[in-house]
Every structure is written in structure tokens, then in C-alpha cells.
Amino acid sequence: MAQQPDRRDWWRDAAIYQVYPRSFADGNGDGTGDLAGIRARLPYLAELGFDAVWFNPWYPSPLKDGGYDVADYRAIDPVFGTLQEAEKLIAEARDLGIRTIVDIVPNHVSDRHPWFRAALAAGIGSPERELFHFAEGRGERGELPPNDWKSEFGGCPWTRIADGQWYLHLFATEQPDLNWAHPLVRQEHEEILRFWFDRGAAGVRIDSAGLLTKEPGLPDFEPGVDTHPFVDRDDLHGIYRSWRAIADSYEEPRVLIGEIWVPDTERFARYLRPDELHTAFNFDFLARPWSAAELRASIDGTLAAHAPVGAPATWVLANHDVTRTVTRYGREDTRFQFATKRFGTPTDLGLGLRRARAAALLSLALPGSLYLYQGEELGLPEVEDLPLSSLQDPMHFRSGGTDPGRDGCRVPIPWSGTLPPYGFAADGTEPWLPQPAGWAALTVAAQTGDPDSMLELYRAALHLRRERIAGGFGWLPSAPEVLAFARADGFGCLVNLGEAPAALPEGAEPVLSSGPLAEDGVPSDTAVWFEILDTRL
Ligand code: GLC
């Protein structure tokens, strides 16, 4: 089913591009990406065939967590531009058929946010402190944290301030958690939603959407107890139902997309009931190793979990938090690495690229919506040798320097030329994170028109997906290490994750492949899209 720009349920099968604004394109020559840079590159995204763009946070922020420490939810950081420019960007993108998804961060604010500053100033027992989780410590003099929780970034999620109280931050110290039991917190976020929806945002991506509410009294974590004190709590659903009512009140209903890391697929699907979120990122698929059995299990589990609630699945291979696909699939351990990243892991980038190409065709052929993180369409590897002095991610610092953190997937995009900054910024400008030497062949300019490039593979696949792929899903018979399935109208996909060549189904005509095909079949680590007359789904 071809995407028609005005379909109300466009989000059910959309291809969505993720822009990390600091690293996409620098329009004003200060080495940091910005809205001017993005506006200039919108035709690139339209021409590639994307239906929407999700922007990582673009708000004023002290950047203690790449912008997920928000100081003002109703403005644009001056380093990126102005609110007026954001409005123009949203309108220009829409004119090109691209909808805008804004990232909202409801679990925590920056410690520079006016609410937190007021809470610090107002003192113990003040109404200002009730907007956060302030508590007395344990121990004789309150010198121990109030409970035994762990930060999502490692270490203790409590920080003690001068008057002796502690405050909760599930992420970095500079990201105090809001108290979602407080009506003002709810009201504020409902207004923030309206603020962006009124400016034409087609939807929001909800950061850390499974963590907002905490168990009253903030008790210790008790292993074996069914309910977690801060993950996936039942009272979250009421919040999302009220957000859905707001989203649905618009002439073109707005879309809610959750960042929800909940391994239990049934619990996960509860967020996608018809009066809650529209979709949520499918991290199960992203986290699986390069194995046919694992990926098959993930696809089956995903489709089975989504079916009863009538929500479409999402397919994601990478984002700004995880190791880039080409690098991950080039390692012996092909599971995604988050907190377990290590410096100097042996990697075969040739193998990784072959698999990443095959994974691209796999994910683009599955039913549901698709997210692509900037630079994946260029096959960029993780940058693993960033100078230590350039690293910015709190995950690196909170690990005591053992985890390289997430900067390696956030390096600015190479657009053209043979040397840094590769067209990301004006020549002679130093990007905020250094780009490696040796990216000349990976630029957009170098790959454009080269039929063997990752960019042209994505371009061809995105166009074919839009024109050709629709409807049902069914597995075709295959060897265990091969994934083969059909969609409606005789469209099929086969991915060979085994060693031996795999035969295409009889009568299958290849239309696109991730690598050269051999006489004896589809080679190892290769995917093929094909047409076949006798599949009816
Ligand atoms: C989400 C974001 C990540 C951020 C964290 C805290 O997981 O994707 O980048 O660090 O939330 O806001």
C-alpha cells in the first residue's frame, strides 16, 4: 500500500528517520548540527522515501545527557536555532510529505530546570520539593541513600544536597526524577504535548515511558515480587490514556510512540491498547543476536503480542543509545551492547556490513513501522577510537571509564568531501565530536549513484517498500538457519543466516538483494526480496 500523505493511520507502516540534531548537519558553522542544517537537508530525506522524522531533544539543555536533561520544554536550544525556525522546519517538512515527531522527556528534568532550582531554594518540606522525590537518608545521620535502587546509568540514583536531603535521579545526577503522583506534573506535561501538537508536530516519542511512576514510599527493590518499584507500574496506563485523549482531539490525530524497555511481551502490549499509545519501540528485535532462530522467535513473539491489541509492530535496528549495526554484527557476540560495551572488542567490519545490509532488507520487509537512525543508511561503523578527552556520555563517566559510552554512534554525519568535516560543517570547522579519517567513501556524495553502496540499497528498498509491500505475513518453508516469508501480492523475503547457500522458493524472481547472488543460491549473510506468483496472504 503506497503511503498517501493524508492517511490518518500513516503511522501503521511509516518509515521514520531518526535525526540526532547535534550531528546531522551544521548550518551556521559552529561545529554543532542545527535546524538550519536540517532544513537544508530535508529534500534528502524526502527523496530517500521517509514518511516522518523523529528529532532527538532540541530543547535548551546543559547537555549532561545529550539533551535528555531538559531545562525548558517549550523552547529550542540557541545552539540549534529558534522556536520560529522549528515551526518553519515542521511546516517545510510537511510540504515534502514528512511528518515531525518531537522527543518529550517526562521522567526527569535538568537540574537547571526552574522547577528544580526552585525546589532546592525552597528547602525541606516545601511544596516545590513535592514535584520531585526528595527524601531523608538512612543511617544515623541520614548519610546513606533512602533506598537500594540502582541508576539506569549505573551507580546510586540518589544525590545528597547541602541541607541533608537526597533526591532521586534514575539517570544522571543532573536529571532529577519528577514526582508523577503530583497533579501539577501531569498538567504540565499535558500542556507540553499541546504546545508541540499545536505547532504541527504529528506525534511525540516518549522518553523512558515505562519509568514515570514510582511505588509510594519508595521502598527497597524486592527481587521475586511481581511489581517493580519503578518499572512498568500499572498506574502509568491512566497517564497514557489521558495523553491519547489529547492526541485524538486534533483534526489529524497525533501519534504517541513509547520508549518502553519491558521484556514481557504481554505487559508491553498493554501500552498499545486502542486508548493508549499508538506504537512502541521493539527493543526485543534490536537486542537479538544475528541468528535465524533468535530473530524468528522475536518476529513471532512481536507479531503475536501486537495482534490482540490491534497495534502495528515497530522494527528498529539501531538508535543513539546502541552500538551501530555494522560494528555490532561484525563481532563474535552480535547481541546489542548497552552497559556491556567494552573498549577494543575485535570486529570484522566487512562481515558486519554484509549482515547489516541483510538486516536492512529483513527489517524493511516486516509488517509495521520502521525506524532508521541517521547514518545507518550510510553503513557507518561505531567510532571506537574517539579521543578520551572528547567523550561526553555520562554512561562512560559513571562506569568509572570502563564503558566507552554512546558517543561512538553519535559522530557527525559525513555528507561529502574526502576529509573531516566531510560537508557536515563548513571546511575548517571542527565538529563537536571528531570524525575519523577514512570516511571519504562513506559520504552521501560518494555513495550516491553507486549501485553497490548501502545508501543505494536503502533508497531502492525504501521505494520498493512503499510501492510494493503490504498486507499479511506468513513464513515460507525453509532450512532452520534461513528466514523466508511472504507478504501480500506475491512479495517475499529470504535471509540466509547459515553457512551453506540457500535456494529461493521455486518460481521466485529476485527484485533486490543485499549482496551478489550465486549460481547455487543465496550466499551466507545475504537477503533477497523476490516476487512469486503462488503465495496468497
Ligand atoms: C532514553 C534515551 C537516552 C537517555 C535516557 C535518559 O533511554 O534514549 O538517550 O540517556 O532516556 O533520558
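None of the values given here were measured: they were computed from a predicted structure.

Each value, and the rule that gives it
Residues take numbers from 1 onward in each chain, read along the sequence in its written order. Local features in this predicted model are restricted to residues whose pLDDT is 70 or higher, and side-chain atom pairs enter the listing and the counts only when it is 80 or higher, whereas totals over whole chains, interfaces and linings include all residues. Water and hydrogen atoms play no part in the side-chain values, which are based on all heavy atoms of the structure. Labels follow the DSSP assignment, with helices taken as runs of H or I lasting at least four residues and strands as runs of E lasting at least two, numbered in each case from the N terminus. Whether a residue is buried, partly exposed or exposed follows from its accessible area with a 1.4 Å probe, protein chains only, as a fraction of its type maximum: under 20%, in between, or over 50%, in that order. Only heavy atoms enter the contact rule, under which two residues are in contact if any of them lie within 4.5 Å. Asp and Glu count as negative and Lys and Arg as positive, but His and the ends of the chain are not part of the count. Every charge is mapped to an atom, namely NZ of Lys, CZ of Arg, CG of Asp or CD of Glu. For this purpose, a residue is taken to be near a molecule or strand whenever a single non-hydrogen atom of the residue falls within 4 Å of it. Nitrogen and oxygen atoms within 3.5 Å of one another constitute a polar contact, given that in protein one can donate a hydrogen and the other can accept it, and given that sequence-neighbouring residues count only through two side-chain atoms. For the accessible areas, the method is Shrake-Rupley and the probe is 1.4 Å, while residue cover comes only from the protein chains on display. A helix is expected to reach a length of 1.5 Å times the quantity of its residues less one. Residue ranges for the domains originate in an automatic or database domain assignment. The buried area of a pairing is the accessible area, by a 1.4 Å probe, that goes missing from both parts when the two are put together, added over both. Salt bridge, as used here: a side-chain nitrogen of Lys or Arg that lies within 4 Å of a carboxyl oxygen of Asp or Glu. Nonpolar residues are Ala, Val, Leu, Ile, Met, Phe, Trp, Tyr, Cys and Pro. Charged residues are Asp, Glu, Lys and Arg, and all others, Gly as well, are polar. Note on definitions: angles span 0 to 180 degrees between N-to-C directions of axes, and those axes are lines fitted to C-alpha atoms, for helices only across the stretch in contact. Note on terminology: angles under 35 degrees are roughly parallel, angles over 145 are roughly antiparallel, angles of 65 to 115 are roughly perpendicular, and the others are oblique. DSSP calls a pair of strands paired once it identifies at least 2 bridges connecting them. The path from the first strand over the helix to the second decides the hand: if it runs clockwise while the strands point away from the viewer, the crossover is right-handed. The pairing test for Phe, Tyr and Trp rings, Trp by its six-membered ring, is centres within 6.5 Å, and the orientation test on the planes gives stacked under 30 degrees, edge-to-face over 60, and tilted for anything in between.

> Hey, could you go over the overall build of the protein for me, with residue numbers and the actual values?
On a plain count of helices and strands, the protein comes out with 13 helices and 16 strands. Along the longest, intermediate and shortest principal axes, the C-alpha atoms of the protein span 75 × 55 × 50 Å. Buried positions account for 60% of the 537 residues belonging to the protein. Sequence-distant contacts in the protein: of pairs separated by 6 or more residues, those separated by 24 or more amount to 66%. Here the protein contributes 50 positively and 79 negatively charged side chains, and the mean placements of these two sets differ by 3 Å.

> An account of the site of the ligand is requested, with residue identities and associated values reported.
Of all residues adjacent to the ligand, which total 14 residues, the nearest are D65, D207, E259, H320 and D321. One nitrogen or oxygen atom from the side chain of E259 is found 2.8 Å from an oxygen atom belonging to the ligand. Within the contact set of the ligand, an oxygen atom lies 2.9 Å away from a side-chain nitrogen or oxygen of H320. Considered on its own, the ligand offers 310 Å² of accessible surface; in the complex 97% of this is hidden by protein.

> How would you explain helix α10 (residues 349–365) if you had to name every residue and give the values?
The end-to-end C-alpha distance of α10, which contains 17 residues, comes to 24 Å, matching closely the 24 Å that a straight helix rising 1.5 Å per residue would cover. Counting buried positions along α10 yields 13 of 17 residues, so the element is predominantly enclosed. Two or three places before G350, at the start of α10, stands the capping residue D348, its side-chain oxygen 3.1 Å from that residue's backbone nitrogen.

> An account of the domain arrangement of the protein is requested, with residue identities and associated values reported.
Segmentation of the protein into domains returns domain 1 (10–105 + 282–454), domain 2 (114–168) and domain 3 (472–531). Computed over C-alpha atoms only, the centres of domain 1 and domain 3 are separated by 28 Å. Each partner contributes residues to the interface: domain 1 has 19 residues there, and domain 3 has 22 residues. Between domain 1 and domain 3 the total buried area reaches about 1700 Å² when both faces are included, carbon and sulfur atoms providing 68% of it. Broken down residue by residue, the surface that domain 1 buries against domain 3 is led by R296, L361 and A365, which jointly contribute 35%. The tally of links between domain 1 and domain 3 comes to 1 salt bridge. A salt bridge links R355 to D525, with the nearest nitrogen and oxygen atoms 3.2 Å apart. Across the domain 1-domain 3 interface, the total number found is 9 residue pairs in polar contact (both at pLDDT 80 or more). Counting residues per element, the ones that place at least two in the side of domain 1 that touches domain 3 are α8 (292–306) and α10. Considering each element in turn, the side of domain 1 that touches domain 3 owes the most residues, 9 residues, to α10. Here the residues of the side of domain 1 that touches domain 3 are counted per class, giving 13 nonpolar, 1 polar and 5 charged.

> Got a sec to walk through the packing of α10 against helix α13 (residues 454–468)? Specific residues and values, please.
Two measures define how a pair of helices packs: the angle their axes make with one another and the distance between the axes. Running from amino to carboxyl end, α10 crosses α13 at an angle of 10°, the nearest separation of the two axes being 10 Å. Between α10 and α13, the angle is such that the two are roughly parallel. Contact residues: α10 offers L353, A356, R357, A360, L361 and L364, while α13 offers M454, L457, Y458, A461, L462 and R465. When grouped by side-chain class, the residues that make up the contact of α10 with α13 number 10 nonpolar, no polar and 2 charged.

> Describe the pairing of strand β8 (residues 255–258), with residues and values.
Residues of β8 alternate between two faces, with V255 and I257 on one and L256 and G258 on the opposite face, all of them buried. Here strand β7 (residues 203–206) runs beside β8; their pairing, made up of 4 bridges, is parallel. The partner of R205 across the bridge, within β8, is I257. Between β7 and its parallel partner β8, the chain crosses via helix α5 (residues 236–248), and the hand of that crossover is right-handed. Strand direction decides the pairing type here: β8 and strand β9 (residues 279–280), joined by 2 bridges, are parallel.

> If you had to explain α13 to someone new, which residues and values would you point to?
Between the first and last C-alpha of α13 there are 20 Å, a value that for 15 residues agrees with the 21 Å anticipated at 1.5 Å per step. The element α13 is extensively covered by neighbouring structure, given that 11 of its 15 residues are classed as buried. Within the span of α13, buried status applies to M454, L455, E456, L457, Y458, R459, A461, L462, L464, R465 and R468.

> Quick one: what's the story with the pairing of strand β3 (residues 99–104), residue by residue and with numbers?
Within β3, 6 of the 6 residues are buried, which leaves it mostly tucked inside the rest of the structure. Covered by surrounding structure in β3 are R99, I101 and D103 together with T100, V102 and I104, the residues of both alternating faces. As defined by bridge partners, strand β2 (residues 52–55) adjoins β3 across 4 bridges and the pair is classed as parallel. Bridge assignment links A52 to a residue of β3, and that residue is R99. Taken together, β2, helix α2 (residues 83–95) and β3 form a β-α-β motif whose crossover is right-handed. In this sheet, β7 lies alongside β3 in parallel orientation, the contact comprising 4 bridges. Within the sheet, the bridge partner assigned to I104 lies in β7 and is I206.

> Please provide a residue-by-residue account of the packing of aromatic side chains, values included.
Summed over the entire model, instances satisfying the criterion amount to 31 aromatic pairs. Judged by centre distance (5.6 Å) and plane angle (40°), the ring pair of W58 and W196 falls under tilted. Of the two residues, W58 is situated in the loop between β2 and α2 and W196 in helix α4 (residues 183–198); the sequence distance between them amounts to 138 residues. Note on W58: relative accessible area 1%, which makes it buried. Accessibility expressed as a relative area gives 1% for W196, which makes it buried. Residues F197 and Y250 carry aromatic rings whose centres are separated by 5.5 Å and whose planes lie at 80° to one another, so their mutual orientation is edge-to-face. With F197 in helix α4 and Y250 in the loop between α5 and β8, the pair connects residues that are 53 residues apart, well separated along the chain.

> For the sheet that holds strand β4 (residues 134–135), give the residues involved together with the corresponding values.
Within the open sheet, the 3 strands sit side by side as β4-β6-β5. Their pairing is antiparallel. Each edge of the open sheet carries a strand with a single partner, namely β4 and β5 (158–160). With 3 bridges connecting them, β5 and strand β6 (residues 166–168) associate as antiparallel partners. Looking at β6, one finds that R160 is bridged to W166.

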